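Secondary and tertiary structure notes
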Amino acid sequence: NSVPVVTIDGPGGSGKGTVCGLLARELGWHLLDSGALYRLTALAAINHGVSLDDEASLEVLAAHLDVQFVAGDGDQVPPGIILEGEPVEKAIRQEEIGLGASKIAALPAVRSALLSRQQAFAELPGLVADGRDMGTVVFPNAPVKIFLTASAEERAKRRFIQLQEQGVDVSLDRLLEDIIRRDEQDANRAVAPMIPADDAIVLDSTKLTIQEVLARVLEEMRKKA
Ligand code: C5P
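This is a predicted model, so every value here is computed, not measured.

What counts as what
Residues numbered from 1 in each chain as written. Predicted model: local features only at pLDDT ≥ 70, side-chain atom pairs only at ≥ 80, totals over all residues. Heavy atoms only, no water. Helix = DSSP H or I, 4+ residues; strand = E, 2+ residues; numbered from the N terminus. Polar contact = N/O pair within 3.5 Å; in protein donor to acceptor, adjacent residues only side chain to side chain. Contact = heavy atoms within 4.5 Å. Near = heavy atom within 4 Å. Areas by Shrake-Rupley, 256 points an atom, 1.4 Å probe, with all protein chains shown as cover. Nonpolar A, V, L, I, M, F, W, Y, C, P; charged D, E, K, R; others polar. Pairing = 2+ DSSP bridges. Axes fitted to C-alpha atoms, helices over the stretch in contact; angles between N-to-C directions.

Turning next to the side chain of K145. Along the chain, the position of K145 falls in strand 7 (residues 144–149). Among the polar contacts listed, one links the side chain of K145 to the side chain of D199, at a separation of 3.1 Å. Among all residues touching K145, those that are not within four sequence positions of it are T7, G135, F139, P140, A197, D199, A200 and I201.

In structure tokens, the structure reads:
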């Protein structure tokens, strides 16, 4: 279809969530936080007592997720996520849910159950897609694909500050361990592993500010326009 899509893939803490949010706002485009869908599926499973190994039940849960994304108004009202009538923005950001999401994200039936839901986010005037396989699997024809990375230590530090701001209590060492474990899980899975698409631009954000990353992404978009 003719909806412009820019994909930003990479590991957690690379800054892609923040960059995607700012980019979507600057362009006035829609935003897909695909990681949230995996997190929501993991949370729904825990809430319903479904084992994170039970692929068949997880597939059904993923296909029928009762979720609403509330846009917020930029400044006053923050964006929110409602699962089965409950606000869950904070709950799904817990590290435990992140690890659960990473675990179920390795299951092919879960991934395919979430595929069309993700693709449905591509609506005019355009979409910024944030994830691990946006450029490789979900939007392979996107004209601009970015793969954003940063060192594990830097990502742990960023996540630590971010979680502290949200009032979530964690230790930095524990975060670094979780990040390394999740990277391994995501990069080594058989289905849709976290790798740059052949035509992706790889950006290392370790020594860049968010504004510098944003400027680089906009520059790449101008080159392709
Ligand atoms: O980006 P976020 O940390 O919210 O993603 C949580 C988990 O969901 C990731 O560790 C990854 O395993 C999974 N995920 C995925 N494919 C995506 C987005 C997230 O497998 N497109």
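A few words now on the site of the ligand. Around the ligand, a shell composed of 17 residues is seen, among which R39, R111, R132, D133 and D186 lie nearest. The side chain of R39 places a nitrogen or oxygen atom 2.5 Å from an oxygen atom of the ligand. Between an oxygen atom of the ligand and a side-chain N or O atom of R189, the distance comes to 2.9 Å. Summarising the interface, the protein chains cover 97% of the accessible area of the ligand, which totals 450 Å² for the free molecule. For the shell around the ligand, the elements supplying multiple residues, two or more each, are helix 2 (34–47), helix 5 (95–104) and helix 9 (172–188). For the shell around the ligand, the element with the most residues is helix 2, which contributes four residues. Of the residues contributing to the shell around the ligand, the split by class is four nonpolar, four polar and nine charged.

Taken in spatial order, the five strands make up an open sheet running 2-6-1-7-8, and their pairing is parallel. In the strand order of this sheet, the two ends are held by strand 2 (30–33) and strand 8 (201–204), each with one partner. Each adjacent strand pair in this sheet contributes to an overall mean axis angle of 20°, direction not counted. Sheet topology note: the strand 1 (residues 5–9)/strand 6 (residues 127–131) ladder contains five bridges and is parallel. From the neighbouring strand, T7 faces strand 6, where its bridge partner is A129. Together, strand 2 and strand 6 form the strand contacts of helix 2, whose direction differs from that of strand 2 by roughly 45°.

Read from one edge to the other, the open sheet built from three strands follows the order 3-4-5, with strand pairing classed as antiparallel. Of all the strands in the sheet, the pair left with one neighbour each is strand 3 (67–70) and strand 5 (86–87). Sheet topology note: the strand 3/strand 4 (residues 80–83) ladder contains four bridges and is antiparallel. From the neighbouring strand, Q68 faces strand 4, where its bridge partner is I82. Relative to the sheet, helix 2 contacts strand 3 and strand 4, its axis offset from that of strand 4 by approximately 35°.

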